[in-house]
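Here is what each chain is made of, one letter per residue.
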Amino acid sequence: MNEKVCVVGLGYIGLPTASLLATKGFQVYGIDVNTDAVEMINSGKVHIYEPDLDIMVKAAVQSGNLKAGIEPEVADVFILAVPTPFKDNHKPDLTYVEQATKTIAPYVKQGDLVILESTSPVGTTEKVTKWILEEREDLTITEELNSNKGVFYVSHCPERVLPGHILRELVENDRIIGGINSESTKKTVNFYKKFVKGKILETNARTAEMAKLTENSFRDVNIAFANELSMICDELNINVWELINLANRHPRVNILQPGPGVGGHCIAVDPWFIVDAAPEQAKLIHTARIVNDYKPGYVVDKIREKADKFKNPVIACLGLAFKANIDDLRESPAVEIVEYLAKQQLGEIIVSEPNIQKLPDKLSELGIELDSIASTISKADIIVLLVDHDSFKDIDRLTLNEKVVIDTRGIWR
Ligand code: SAJ
């Protein structure tokens, strides 16, 4: 198998995908605008943390099948795995997808397959096709009579892997594949069949785009339900964790867990793409976003209520990551809460985050300290549990006696 694959974007999705393909025998050329990342990858190292990714990248580079660079190369398959954030007004920002498409456009040749893996608003795969056609008058997507234009294929195959489990889920998850036409779908299915063990589900590009947005919106709406319950329970003086446990004993009820808010670059982002596309219809999805975005501020208010009873209290915040047992601080409600606390000068803020060595500059510049779990707890008047890392679950409950405890994740329910 000597198929050449060019992966654009060597982040949390692109790098694991590129290295997996390389270890499966594809000749992979990965490109990224981050020259430091490119250099590290070429020396067999990783610039992001994901369990076992370092081992796979090293093996891929040593096999000679994975090379990184900043300019694309001629390939048979192009995979776009670049970010799709939103702008300040919650409208999708397709700049990276457009740039990535225009970067590969000169390299696409007859018979090639272009796959958009980035989570994207409905209609983006059609835009990718249009952007390539605008640059390449010699190409087409449908066989034309008496034409010497070369046919190429375009599909959406959304990534669906869970951070922390990416390498396993890349192989084991079912994949949804939607081409801009049935030939594109067929060609893409044949490609993924070579390395995916999960089921391959065929549809069209628009449905594939919407399916990914729907999965993350489903989760967001259900987390919003749990978060709303937690605020109702505070009002009614009921333990929300006990309540959810009880309600979940019903055979058809499965409530998720409340927390300090929803973080990460997927669940807090993707529902906005649906809201933007159908604002009149997407009322529940929109409200869920508002409920989840409200939660960090609500937690700060709860802390303020307790802090007001002290004179300059030491507030210990446990956890900064956007969820348990990872080091990723991007879009983390815990970071947002810690930042608020410091800016509002509610007390002396100490943070314990066992998965990082150094605080982000924006926190250390506010005078916040990073400390060990034990030392943070011993110094604290108020303890705020923000992330349910396993290491926090091991804390001896006796050390919390006589402290004011605010547990946003219910590990000490
Ligand atoms: N959260 C809660 N309560 C819960 C579950 C999660 O507050 O009961 C919070 C987490 O703490 C975190 C946020 O939600 O802040 C998101 O975490 P997550 O584990 O739900 O999801 P992500 O963002 O790590 O990954 C999601 C996954 N999507 C779904 O489970 C439907 C993953 O499969 C996707 O590939 C990924 O988004 C993505 O890239 O889109």
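Residues numbered from 1 in each chain as written. Predicted model: local features only at pLDDT ≥ 70, side-chain atom pairs only at ≥ 80, totals over all residues. Heavy atoms only, no water.

As recorded in an unreviewed UniProt entry, the chain goes by UDP-N-acetyl-D-mannosamine dehydrogenase and comes from Bacillus bruguierae. Word for word, the UniProt comment on the chain under Sequence similarities (unreviewed entry) is "Belongs to the UDP-glucose/GDP-mannose dehydrogenase family." (UniProt positions renumbered as here; feature names shortened; annotations may be inferred.)

Novice: I keep staring at the sheet that holds strand S3 (residues 66-69) and nothing clicks. Help me out?
Specialist: Strand-to-strand pairing in sheets goes through backbone hydrogen bonds, with the strands running parallel or antiparallel. The strand order across the open sheet built from eight strands is S3-S2-S1-S4-S5-S8-S9-S10, with neighbouring strands paired in mixed fashion. Of all the strands in the sheet, the pair left with one neighbour each is S3 and strand S10 (200-204). Ignoring strand direction, the axes of neighbouring strands in this sheet form an average angle of 25°. Alignment of strand S8 (residues 153-156) against strand S9 (residues 175-179), held across two bridges, turns out to be antiparallel. When the sheet's bridge partners are listed, Ser 155 is paired in S9 with Gly 179. (Pairing = 2+ DSSP bridges. Helix = DSSP H or I, 4+ residues; strand = E, 2+ residues; numbered from the N terminus. Axes fitted to C-alpha atoms, helices over the stretch in contact; angles between N-to-C directions.)

Novice: Just to check I follow, could you spell out the state of the cysteines for this structure?
Specialist: Disulfides are covalent bonds that connect the sulfur atoms of two cysteines. Summed over the entire model, instances satisfying the criterion amount to zero disulfides. We note that Cys 157 lacks a disulfide partner, and the nearest cysteine sulfur, in Cys 266, lies 15 Å from it. Among the residues examined, Cys 157 registers a relative accessible area of 0% and is labelled buried. (Disulfide = S-S within 2.5 Å. Buried < 20%, exposed > 50% of the residue type's maximum accessible area, 1.4 Å probe, protein only.)

Novice: Whenever I open this one, the environment of Glu 3 confuses me. Can you help?
Specialist: Here Glu 3 lies in the segment before strand S1 (4-8). Between the alpha carbons of Glu 3 and Ile 350 there is a distance of 52 Å; along the sequence they are 347 residues apart. Excluding anything up to four places from it in sequence, Glu 3 contacts Phe 26, Gln 27, Asp 76, Val 77, Phe 191 and Lys 194. One polar contact links Glu 3 to Lys 194, side chain to side chain, over a distance of 2.8 Å. (Contact = heavy atoms within 4.5 Å. Polar contact = N/O pair within 3.5 Å; in protein donor to acceptor, adjacent residues only side chain to side chain.)

Novice: Any chance you could explain the packing of helix H8 (residues 205-236) against helix H10 (residues 270-277) here in plain terms?
Specialist: Between two packed helices, the angle of one axis relative to the other and the distance separating the axes together describe the packing. Where H8 meets H10, the closest approach of the two axes is 8 Å, and the angle between their N-to-C directions is 110°. Relative to H10, the element H8 is oriented roughly perpendicular. Crossing geometry of H8 relative to H10 is assigned as left-handed. The segment H8 lies against H10, with Met 210, Lys 212, Leu 213, Thr 214, Asn 216, Ser 217 and Asp 220 engaging Asp 270, Pro 271, Phe 273 and Ile 274. For the contact of H8 with H10, the residue count by class is five nonpolar, three polar and three charged. (Parallel < 35°, antiparallel > 145°, perpendicular 65-115°, else oblique. Left-handed = near helix turned anticlockwise from the far one by under 90°. Nonpolar A, V, L, I, M, F, W, Y, C, P; charged D, E, K, R; others polar.)

Novice: Mind showing me how you'd approach the pairing of S8 here?
Specialist: Moving residue by residue along a regular strand, the side chains alternate between the two faces of the sheet. Both faces of S8 are covered, namely the face carrying Tyr 153 and Ser 155 and the face carrying Val 154 and His 156. When strand S5 (residues 113-116) meets S8, the two strands line up parallel, connected through four bridges. In the strand pairing of S8, Leu 116 is matched with His 156.

Novice: So what exactly am I meant to see when it comes to the environment of Gly 164 here?
Specialist: Within the secondary structure, Gly 164 is located in the loop between S8 and helix H6 (166-172). Along the backbone, Gly 164 and Glu 50 are 114 residues apart, and their C-alpha atoms lie at a distance of 5.9 Å. Discounting residues that sit within four places of it in the chain, Gly 164 has contacts with Glu 50, Pro 51 and Ile 326.

Novice: Teacher, can you tell me more about a nonpolar patch on the surface here?
Specialist: On the surface, a nonpolar cluster with roughly 330 Å² of combined accessible area is contributed by Ile 232, Leu 236, Ile 238 and Leu 243. A relative accessible area of 39% places Ile 232 in the partly exposed class. (Patch = residues over 30% accessible without salt bridge, like charges linked within 9 Å, V, L, I, M, F, W, Y side chains within 5 Å. Areas by Shrake-Rupley, 256 points an atom, 1.4 Å probe, with all protein chains shown as cover. Salt bridge = Lys/Arg side-chain N within 4 Å of Asp/Glu carboxyl O.)

Novice: How should I be thinking about the UniProt feature "domain: UDP-glucose/GDP-mannose dehydrogenase C-terminal" (unreviewed entry) in the chain in this particular structure?
Specialist: UniProt records the feature "domain: UDP-glucose/GDP-mannose dehydrogenase C-terminal" (unreviewed entry) for residues 316-413 in the present numbering. Regarding residues 316-413, the helix share stands at 27% and the strand share at 18%, and the terminal C-alpha atoms are separated by 18 Å.

Novice: Which parts of the structure should I look at to understand the site of the ligand?
Specialist: Neighbouring residues of the ligand: 20 residues in total, closest Glu 159, Lys 212, Arg 219, Gln 257 and Phe 322. Between an oxygen atom of the ligand and a side-chain N or O atom of Asn 216, the distance comes to 2.7 Å. Between an oxygen atom of the ligand and a side-chain N or O atom of Arg 219, the distance comes to 2.5 Å. Relative to its free-state accessible area of 770 Å², the ligand is covered by the protein chains to the extent of 89%. Ranked by residue count, the leading element in the shell around the ligand is H8, at five residues. Split into classes, the residues belonging to the shell around the ligand amount to nine nonpolar, three polar and eight charged. The two domains that each donate at least three residues to the shell around the ligand are domain 1 (4-198) and domain 2 (239-407). (Near = heavy atom within 4 Å. Domains from an automatic or database assignment.)

Novice: Looking at this model, I keep getting lost on the packing of aromatic side chains. Mind explaining?
Specialist: For the coordinates displayed, the defined rule picks out seven aromatic pairs. Between Tyr 294 and Tyr 298 the ring centres are 6.3 Å apart and the planes differ by 40°, which places this aromatic pair in the tilted class. Note that Tyr 294 and Tyr 298 are positioned in helix H11 (residues 283-307) at a spacing of four residues, about one turn of the helix. Residue classification places Tyr 298 among the buried positions, given a relative accessible area of 17%. (Phe/Tyr/Trp six-rings, centres within 6.5 Å; stacked < 30°, edge-to-face > 60°.)

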